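# Report on the structure
Listed below, chain by chain, are the residues.
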Amino acid sequence: MAEPTFRAPKGTRDILPPESGRRRAALHAFSEQAELAGFGEIMSPMFEDLGVFKRLGESTDVVTKEMFDFFDKGDPPQHLALRPELTASVCRGFAEHRPTPPWKVWYEGPQFRYEQPQAGRYRQFHQLGVETLGTDDPQADVDVIALGWNFFASLGLRQVTLLLNSLGDPTCRPEYLEALRGHLTDNASSLSSQSKVTLERNPLRVLDSKRNEDAEIIAAAPLMVDYLTDESRDHFDAVRAGLEQLGIAYELSPRLVRGLDYYTRTTFEFAADALATAQNAVGGGGRYDGLVEDLGGPATPGIGFALGLDRILLACDAEAVFPIPEPVTKVFVVDVTGGSHALDVCNTLRAAGIGADRSYGGRSMKAQMKVADRSGAPFAAIIGEDEVAGGEVTLRDLRGDTGQHRVALDNLVATISRLLG
Ligand code: AMP
């Protein structure tokens, strides 16, 4: 066989049936949870002015290294970028439309980051998320975290750890950053070369380093929690109390900083313990009380998360939960009289909401039965000359042991519906 001329670009992949059906089912489960919690869907553009994403922080990898940016054909050309995440777009949308707060929206869709692909890391990946804009009530934080937690549970995942931290606010953060920068600078000679560079740009991100050389210095670094203002501490305590009230277990993770610069106060991550540490982050989020203002809107607090669907499904595989859904095709119509009767029967079944499929090309009974078996349909409806003459089909049970029997065409929908329960 000839090699294909083109392949999906590096870091992207085709998601084929039946796996695509499983993703759709997961998206459905998420949308259900989100709508139940009072969130409405926002559908944002796939690309934005590059400036929107620059607000995520000029020192973050997402902005400096991973942006898929391009110029359009305008005069002058506009510098655009494929979205690497959706919080910035949601905040841009809030600033643009000024909805009445609190504004609670959910989203799903592909995101794009020019990363080095590896297991669970792609250049195009799918996120599910929510944002609540316009309130800094800690109970909004709890609601958001609980939604993520309940979604994981609805998939059947059991080994998910919630990591929780507070990154303080603009009043206490500078003092903490000063202390952290001091500690890291004092020990800079022992830091990894990468962390030395990160230290110049953003000392907080050094805490994210997983390199062995950095471990000891990071372990001895001052912690944000020790610098929180009373207000930020009360907020954090209220979030913790709310989670405890709902019975949601969490681990305090005082070095959790997250990859983007905009976070303040509550920050959290969901880790799938069934996955290897390199890709066990299945989602994360937090409070970003300055982002809407940065994008030209009114001062508006926000809290949200983004979950990575690709990794969530890897975690489902690892825990052997959330299998591929049952095939939608319930009846495979095998027409050995040429095929035009299959056209009618399929049409009737589909109109009644019963998944029906068929072969094409007037193939033999044996060939068609093979396709019927492969389809996963529980029943075959066989049409030969005898059946046509009697206005019937032969219904064959492909999975159970009820054998086969003739059914009048007029009774087919009712019979199948009964058999399917
Ligand atoms: P972030 O806001 O960068 O923490 O992203 C939120 C979630 O999206 C992460 O916890 C991952 O599950 C997922 N994610 C981020 N980047 C990628 C990627 N390159 N490939 C697959 N999933 C990703």
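Throughout this description, residue numbers start from 1 for each chain and increase along the sequence as written. Confidence filtering applies because this is a predicted model: local features only for residues at pLDDT of at least 70, side-chain atom pairs given and counted only at 80 or more, and all residues used for totals across whole chains, interfaces and linings. Based on all heavy atoms of the structure, the side-chain values leave hydrogens and waters out of the count.

## Structural notes on the overall build of the protein chain
Within the protein chain, the secondary structure is distributed over 16 helices and 16 strands. Counting only C-alpha atoms and orienting by the principal axes, one finds that the protein chain spans roughly 90 × 55 × 45 Å. Remark: exposure states derive from per-residue accessible area (1.4 Å probe, protein chains only) relative to the maximum for the residue type, with buried under 20%, exposed over 50%, and partly exposed in between. When the 421 residues of the protein chain are sorted by exposure, 50% land in the buried category. We call two residues in contact whenever any of their non-hydrogen atoms come within 4.5 Å of each other. A separation threshold of at least 6 residues defines the contact pool for the protein chain, and within that pool the share at least 24 residues apart is 68%. For the protein chain, the computed accessible surface area is about 20600 Å², with 51% contributed by carbon and sulfur atoms. Within the protein chain, one finds 43 positive and 60 negative side-chain charges whose respective centroids are separated by 6 Å. Numbering of helices and strands runs from the N terminus, with a helix taken as a DSSP run of H or I at least four residues long and a strand as a DSSP run of E at least two residues long. Computed with a 1.4 Å probe, the accessible areas rest on the Shrake-Rupley method; for each residue, only the protein chains presented here act as cover. Asp and Glu count as negative and Lys and Arg as positive, but His and the ends of the chain are not part of the count. Charged side chains are reduced to one point each, which is NZ for Lys, CZ for Arg, CG for Asp and CD for Glu.

## Considerations on a negative patch on the surface
Taken together, the side chains of Asp230, Glu231, Asp234 and Asp237 present a region of like negative charge at the surface. Locating Glu231 in the fold gives a position in helix H10 (residues 230–245). For patches, a residue must show more than 30% relative accessible area and have no salt bridge; joins then use 9 Å for like charges and 5 Å for nonpolar side chains, namely Val, Leu, Ile, Met, Phe, Trp and Tyr. Salt bridge, as applied in this entry: a Lys or Arg side-chain nitrogen positioned within 4 Å of an Asp or Glu carboxyl oxygen.

## Looking at the site of the ligand
When at least one non-hydrogen atom of a residue lies within 4 Å of a molecule or strand, that residue is treated as near it. Around the ligand there are 14 residues in total, and Arg113, Glu115, Tyr122, Arg258 and Ala281 lie nearest to it. N or O atoms within 3.5 Å of each other form a polar contact, as long as, within protein, one can give a hydrogen and the other can take it, and as long as residues adjacent in sequence are counted only when both atoms are side-chain atoms. Interatomic distance of 3.0 Å between a side-chain N/O atom of Gln127 and an oxygen atom of the ligand. The separation between an oxygen atom of the ligand and a polar main-chain atom of Ala281 is 2.8 Å. Contact with the protein chains covers 92% of the free accessible surface of the ligand, which is 480 Å². Of all the secondary structure elements, the ones that give two or more residues to the shell around the ligand are strand S6 (124–133), strand S10 (281–287) and strand S11 (302–308). No other element matches S10, which puts 3 residues into the shell around the ligand. Any residue that is not Ala, Val, Leu, Ile, Met, Phe, Trp, Tyr, Cys, Pro, Asp, Glu, Lys or Arg is counted as polar, Gly included; the first ten are nonpolar and the last four charged. In terms of residue class, the shell around the ligand is built from 5 nonpolar, 4 polar and 5 charged.

## Comments concerning the packing of helix H1 (residues 19–36) against helix H5 (residues 138–155)
Fitted lines through C-alpha atoms serve as axes, helices being fitted only where they are in contact, and the angles separating the N-to-C directions of these axes extend from 0 to 180 degrees. Close contact between H1 and H5 brings their axes to 10 Å; oriented N to C, the two are set at 140°. When the axis of H1 is compared with that of H5, the two are oblique. In the packing of H1 onto H5, the handedness of the crossing is right-handed. Mapping the contact onto sequence places Ala26, Ala29, Phe30, Gln33 and Ala34 in H1 and Leu147, Asn150, Phe151, Ser154 and Leu155 in H5. In terms of residue class, the contact of H1 with H5 is made up of 7 nonpolar, 3 polar and no charged. Angle categories: roughly parallel below 35 degrees, roughly antiparallel above 145, roughly perpendicular from 65 to 115, and oblique for all the rest. Definitions for this section: a left-handed crossing has its near helix turned counterclockwise from the far helix by less than a right angle. A right-handed crossing has that turn clockwise.

## Quick word on the side chain of Thr266
Tracing the backbone shows Thr266 in strand S9 (residues 264–272). There is a polar contact of 2.6 Å between the side chain of Thr266 and the side chain of Asp141. Setting aside residues up to four positions removed in sequence, Thr266 forms contacts with Asp141, Ile145, Leu164, Asn165, Ser166, His235, Val239, Gly285, Gly286, Arg287 and Ile303.

## What to know about the sheet that holds strand S3 (residues 69–71)
Strand order in the open sheet made by the 3 strands is S2-S4-S3, with antiparallel pairing throughout. Looking at strand neighbours, the two that pair on one side only are strand S2 (47–49) and S3, the edges of this open sheet. Within the sheet, the average angular offset between the axes of one strand and its neighbour, ignoring direction, is 35°. Two strands pair under a simple rule: DSSP has to find at least two bridges between them. In the sheet, S2 pairs with strand S4 (residues 79–82) via 3 bridges, with the strands oriented antiparallel. When the sheet's bridge partners are listed, Glu48 is paired in S4 with Ala81.

## So, the domain arrangement of the protein chain
Domain start and end points were adopted from an automatic or database domain assignment. By domain assignment, the protein chain separates into domain 1 (19–172 + 228–319) and domain 2 (329–419). Placing a centre on the C-alpha atoms of domain 1 and another on those of domain 2 gives a separation of 47 Å.

## Some remarks on the sheet that holds S6
Spatially, 8 strands are ordered S1-S5-S6-S11-S10-S9-S7-S8 in an open sheet, and the strand pairing comes out mixed. Lying at the two open borders of the sheet, with one neighbouring strand each, are strand S1 (40–41) and strand S8 (251–252). Most of the contacts of H5 go to S11, to which it runs at about 15°, and overall it touches S6, strand S7 (160–166), S9, S10 and S11.

## Digging into the packing of aromatic side chains
Stacked, tilted and edge-to-face are the three classes applied to pairs of Phe, Tyr and Trp rings, where Trp contributes its six-membered ring and a pair requires centres within 6.5 Å; stacked means planes under 30 degrees apart, edge-to-face means over 60, and tilted covers the rest. Per the counting criterion, the structure on display carries 11 aromatic pairs. With centroids separated by 5.2 Å and ring planes inclined at 80°, the aromatic side chains of Phe30 and Phe151 adopt a geometry described as edge-to-face. In this pair, Phe30 sits in helix H1 while Phe151 sits in helix H5, placing the two residues 121 residues apart along the sequence. Just as Phe30 is buried, Phe151 falls in that class too. Between the aromatic rings of Phe47 and Phe70, the centroid separation amounts to 6.0 Å while the plane-to-plane angle is 70°, which identifies the pairing as edge-to-face. Within this pair, whereas Phe47 is found in strand S2, its partner Phe70 is found in strand S3, the two being separated by 23 residues in sequence. Given the relative accessible area of 42%, Phe47 is considered partly exposed. Given a relative accessible area of 32%, Phe70 falls into the partly exposed group. Following the ring pairs from residue to residue traces out a cluster consisting of Phe30, Trp106, Phe151, Phe152, Phe268, Phe270 and Phe305. Definition used: whenever NZ (Lys) or CZ (Arg) falls within 6 Å of the ring centre and also within 35 degrees of the ring normal, the charge is taken to sit over that ring. Stacked on the ring of Tyr122, the Lys or Arg Arg13 has its end atom at 3.9 Å from the ring centre. One cation-aromatic arrangement involves Arg123 over Tyr114; the distance from NZ or CZ to the ring centre is 3.8 Å.

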